[in-house]
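Coordinate inspection notes
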Amino acid sequence: VLAMRAARRAVAASPAHPMSHLVLGYAIQNLWELQEQFWNRQLTGGPTSFSQTQPLDRQSLRTFQFVTAIEDFLNLYGDQPEFILVSQHEKLFQVYQRMHYLDLAQEHLAEARRLLDRLTPPPGQEKVFVSQKEDLDRLLKTVNEELKKRVEYYDLHIAPDDTTMKRFELALLAPYRAPGENN
């Protein structure tokens, strides 16, 4: 709790400094995982879909706070090719993927891969660096294929005259069924 308070003070004192937002994000994550999670029966990491989000659910609140802090860090840090940006994009990919926000997950994974192309591997880490690129390429290909299937599913099940609420329900609340499942 004290770390989170100190991190919030740092953000308030220097809102344009990206590292203050990163520290806040990890203070939020640590508070949740090391202290508050004990009282919750769910797994760590926040809601796994929009439909599981409860307005006053502490796990959802901490997830949104963490995501906001990391997104702020990335926006403030800029487009400089650095390993810390790659790792934060990968972290947001994991959170969004767990929540089934594949479009946002794909954006962060693609950005992590793009940043890796602009980086030079540390001396002696060339093989690990190439392996990381290959792993991200495979994962990005899988996510792109799944996202394409889900967009096709959405387009197939939505009518041009459907209301905004109907579109919202199909996109975020209705369970996705792969072709061949009981549609």
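See the structure printed just above.
Figured I'd write up the structure that's included with this text. Keep in mind that what you see is a predicted model, and the values were worked out from it rather than measured.

Right, let's get into the overall build of the protein. Across its full length, the protein holds 7 helices and 0 strands. Secondary structure of the protein in N-to-C order comes out as α-α-α-α-α-α-α. Within the span of the protein, comprising 183 residues, buried residues form 34% of the whole. Looking at the protein alone, contacts between residues at least 24 apart form 59% of all its contacts between residues at least 6 apart. For the protein, the accessible surface area stands at approximately 11400 Å², while carbon and sulfur atoms represent 57% of it.

Turning next to helix H2 (residues 18-34). Over its 17 residues, H2 runs 24 Å from end to end, which matches the ideal 24 Å to within 8%, given 1.5 Å per residue. Along H2, the residues classified as buried are Pro18, Ser20, His21, Leu22, Leu24, Gly25, Ala27, Ile28, Gln29, Leu31 and Trp32. Tucked inside the fold, the buried residues of H2 contact helix H1 (2-13), helix H3 (58-77) and helix H4 (83-98).

Further remarks concern the packing of aromatic side chains. Using the criterion set out here, one finds 4 aromatic pairs in the structure. Their ring planes at 45° and their centres at 5.2 Å tell us that phenylalanine 73 and tyrosine 77 sit as a pair that is tilted. In this pair, phenylalanine 73 and tyrosine 77 both sit in helix H3, 4 residues apart, roughly one turn of the helix. For the pair phenylalanine 83 and phenylalanine 129, a centre-to-centre distance of 6.0 Å together with 80° between the ring planes defines the contact as edge-to-face.

Next up on the list: the side chain of glutamate 71. Turning to its location among the elements, glutamate 71 is positioned in helix H3. One buried charged residue, glutamate 71, remains without a salt bridge, the closest side chain of opposite sign being arginine 98 at 12 Å. In this structure the side chain of glutamate 71 is engaged in a polar contact, spanning 2.9 Å, whose partner is the side chain of tyrosine 96. Setting aside residues up to four positions removed in sequence, glutamate 71 forms contacts with Leu92, Tyr96 and His108.

With that settled, the discussion passes to helix H5 (residues 102-117). With 16 residues, H5 extends 22 Å from end C-alpha to end C-alpha; this agrees with the ideal 22 Å at 1.5 Å per step. Taken as a whole, H5 has its buried residues at Leu102, Ala105, Gln106, His108, Leu109, Ala112, Arg113, Leu115 and Leu116. Of the surrounding elements, those touching the buried residues of H5 are H3, H4 and helix H6 (126-157).

The next point concerns the packing of H4 against H5. In contact at an axis separation of 8 Å, H4 and H5 are set at 160° when each is read in the N-to-C sense. Between H4 and H5, the interaxial angle falls into the category roughly antiparallel. Like other packed secondary-structure pairs, H4 and H5 cross with a definite hand, here left-handed. When H4 is examined against H5, the residues Phe83, Leu85, Val86, His89, Glu90, Leu92, Phe93, Tyr96 and Gln97 are found in contact with a partner set consisting of Leu102, Leu104, Ala105, His108, Leu109, Glu111, Ala112, Leu115 and Leu116.

A cluster of nonpolar residues, Met165, Phe168 and Leu173, forms a patch on the protein surface that exposes about 260 Å² of accessible area. Inspection of the secondary structure puts methionine 165 in helix H7 (residues 164-173).

Turning next to unusual backbone geometry. Notably, histidine 100 is not glycine yet its phi reads approximately 70°, a positive angle. One can find histidine 100 in the loop between H4 and H5. A relative accessible area of 46% places histidine 100 in the partly exposed class.

Definitions and cut-offs
- Residues numbered from 1 in each chain as written.
- Predicted model: local features only at pLDDT ≥ 70, side-chain atom pairs only at ≥ 80, totals over all residues.
- Heavy atoms only, no water.
- Helix = DSSP H or I, 4+ residues; strand = E, 2+ residues; numbered from the N terminus.
- Buried < 20%, exposed > 50% of the residue type's maximum accessible area, 1.4 Å probe, protein only.
- Contact = heavy atoms within 4.5 Å.
- Areas by Shrake-Rupley, 256 points an atom, 1.4 Å probe, with all protein chains shown as cover.
- Expected span 1.5 Å × (residues − 1).
- Phe/Tyr/Trp six-rings, centres within 6.5 Å; stacked < 30°, edge-to-face > 60°.
- Lys, Arg positive; Asp, Glu negative; His and termini not counted.
- Salt bridge = Lys/Arg side-chain N within 4 Å of Asp/Glu carboxyl O.
- Polar contact = N/O pair within 3.5 Å; in protein donor to acceptor, adjacent residues only side chain to side chain.
- Axes fitted to C-alpha atoms, helices over the stretch in contact; angles between N-to-C directions.
- Parallel < 35°, antiparallel > 145°, perpendicular 65-115°, else oblique.
- Left-handed = near helix turned anticlockwise from the far one by under 90°.
- Patch = residues over 30% accessible without salt bridge, like charges linked within 9 Å, V, L, I, M, F, W, Y side chains within 5 Å.

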